[in-house]
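What the coordinates show
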Amino acid sequence: LGEVYCGNLDRYVELTGQVARLPGPGRAYAIAAHLDGLQSAGRVAEAVALADDALVAARDLGSPYWNAYTLWIVGLAFSKTDPARALAVWDEGTAVVADHGVRFFEGFLSRDAALLHASHGQPERALALFETSIEAFVRSGAVSQLVITLASIPALLEQVGRPGAARTLLAAMASHPGSFHHVPTLDELRARLDARLGVEASERKAAAGAPLDLPGASAYA
């Protein structure tokens, strides 16, 4: 994981692949982690091919924590090839979280399911799931994940006909560099919102959002 945070995704894929080939219960983490690295690197077909092995390893271990992690990661791979299956996998993951109190994954599962619903014409469901994700990351204090979640919402607000709210939230997130790193379409969205709202309205909405700190942006969203 240290390699991921240093930007060395290829090294992460290499290392998790080594651990995934070792015997023992560590495979319950390693296969899913390797799958995650592959799908993050765009090697989706290879990732999907590992889905069954990852799920079997997690279920054999019997840990609700690693089971929830694996269901989240497997859903990410399927989200690129089979959205319906991804949502079914994430529903199972949500059930594990609820049944066993594995709250660590509540925000991740809700956010990624929200993104998928938003891209497949179900904005109301996406809005509800984003709310759950915000609440989970605020409650846990997971700042970096909260930033990613909040930065993902302006595009949905534009989609549901709230360009002013989208511009306000985008301005709030502009003070968090991770926003534009993890959601690289924000620059394009900002230009589109500015054109749609007009200069005066866009500047007014941005001025309202710019002073918001992360708790304020969370409450606004």
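This text follows the structure it describes.
Residues numbered from 1 in each chain as written. Predicted model: local features only at pLDDT ≥ 70, side-chain atom pairs only at ≥ 80, totals over all residues. Heavy atoms only, no water.

Here's the deal with the overall build of the chain
Of the regular secondary structure elements, the chain holds 15 helices and zero strands. By the compact-globule yardstick of 17 Å for 221 residues, the chain fits well, its C-alpha radius of gyration being 18 Å. Considered along the principal axes of its C-alpha atoms, the chain spans approximately 60 × 35 × 30 Å. Taken over 221 residues, the chain has a buried fraction of 45%. Pairs at least 24 residues apart make up 55% of the contacts formed inside the chain by residues separated by at least 6 positions. On the chain, roughly 10,700 Å² of surface is accessible, and the fraction owed to carbon and sulfur atoms is 56%. Here the chain contributes 18 positively and 24 negatively charged side chains, and the mean placements of these two sets differ by 2 Å. (Helix = DSSP H or I, 4+ residues; strand = E, 2+ residues; numbered from the N terminus. Rg over C-alpha atoms; globule rule 2.2 N^0.38 Å. Buried < 20%, exposed > 50% of the residue type's maximum accessible area, 1.4 Å probe, protein only. Contact = heavy atoms within 4.5 Å. Areas by Shrake-Rupley, 256 points an atom, 1.4 Å probe, with all protein chains shown as cover. Lys, Arg positive; Asp, Glu negative; His and termini not counted. Charge placed at Lys NZ, Arg CZ, Asp CG, Glu CD.)

Describing helix α7 (residues 83–100)
The end-to-end C-alpha separation of α7 is 26 Å, in line with the 26 Å expected for 18 residues at 1.5 Å each. Among all positions of α7, only Ala86, Leu87, Val89, Trp90, Gly93, Val96 and Val97 are buried. Residues of α7 that are buried sit in contact with α6 (64–78) and α8 (106–119). (Expected span 1.5 Å × (residues − 1).)

Describing the side chain of serine 218
Relative to the helices and strands, serine 218 resides in helix α15 (residues 214–220). Within the structure, serine 218 has its side chain in polar contact with the backbone oxygen of leucine 214 (distance 2.8 Å). Contact partners of serine 218, with chain neighbours within four places excluded, come to Ile134, Val138, Leu146 and Leu150. (Polar contact = N/O pair within 3.5 Å; in protein donor to acceptor, adjacent residues only side chain to side chain.)

Examining the nonpolar core
Counting residues in each nonpolar core, the largest one holds 61 residues, and the members touching the most others are Leu35, Tyr69, Trp72, Val74, Trp90, Phe105 and Leu150. No other element matches α6, which puts nine residues into this core. With sequence-adjacent residues up to four places away left out, tryptophan 90 is seen in contact with Leu71, Trp72, Gly75, Leu76, Ser79, Leu109, Asp112, Ala113 and Leu116. (Core = buried A, V, L, I, M, F, W, Y, C linked by side-chain atoms within 4.5 Å.)

Some thoughts on the pattern of salt bridges
All chains considered together, the criterion is met by twelve salt bridges. One salt bridge in this structure joins glutamate 92 and arginine 59, with 2.8 Å as the shortest N-O distance. Here arginine 59 lies in helix α5 (residues 51–61) and glutamate 92 lies in helix α7, a separation of 33 residues in the sequence. For arginine 59, a relative accessible area of 42% corresponds to the partly exposed category. Put simply, arginine 190 and aspartate 187 hold a salt bridge, and the shortest N to O gap is 2.6 Å. Taken together, the positions of arginine 190 and aspartate 187, both in helix α13 (residues 186–197) and three residues apart, correspond to about one turn of that helix. (Salt bridge = Lys/Arg side-chain N within 4 Å of Asp/Glu carboxyl O.)

Section: the packing of α6 against α7
Running from N to C, α6 and α7 cross one another at 165°; their axes reach a closest spacing of 8 Å. Viewed along their axes, α6 and α7 adopt a mutual orientation that is roughly antiparallel. The two elements α6 and α7 cross, and the hand of that crossing is left-handed. In this structure, α6 uses Pro64, Asn67, Ala68, Leu71, Trp72, Val74, Gly75, Leu76 and Phe78 to contact α7, whose residues at the interface are Pro83, Arg85, Ala86, Val89, Trp90, Glu92, Gly93, Val96, Val97 and His100. A breakdown of the residues in the contact of α6 with α7 according to their chemical character gives 13 nonpolar, four polar and two charged. (Axes fitted to C-alpha atoms, helices over the stretch in contact; angles between N-to-C directions. Parallel < 35°, antiparallel > 145°, perpendicular 65-115°, else oblique. Left-handed = near helix turned anticlockwise from the far one by under 90°. Nonpolar A, V, L, I, M, F, W, Y, C, P; charged D, E, K, R; others polar.)

What about the packing of aromatic side chains?
Tallied over the full model, the rule gives 14 aromatic pairs. With a centroid separation of 5.6 Å and 40° between ring planes, the pair formed by phenylalanine 104 and phenylalanine 108 is classed as tilted. Since its relative accessible area comes to 7%, phenylalanine 108 is described here as buried. Centre to centre, the rings of phenylalanine 105 and phenylalanine 108 are 6.3 Å apart; their planes meet at 50°, and the pair counts as tilted. Of the two residues examined, phenylalanine 105 and phenylalanine 108, each falls in the buried class. In this structure an aromatic cluster arises from ring pairing among Tyr29, Tyr65, Trp66, Tyr69, Trp72, Phe104, Phe105, Phe108 and Phe137. (Phe/Tyr/Trp six-rings, centres within 6.5 Å; stacked < 30°, edge-to-face > 60°.)

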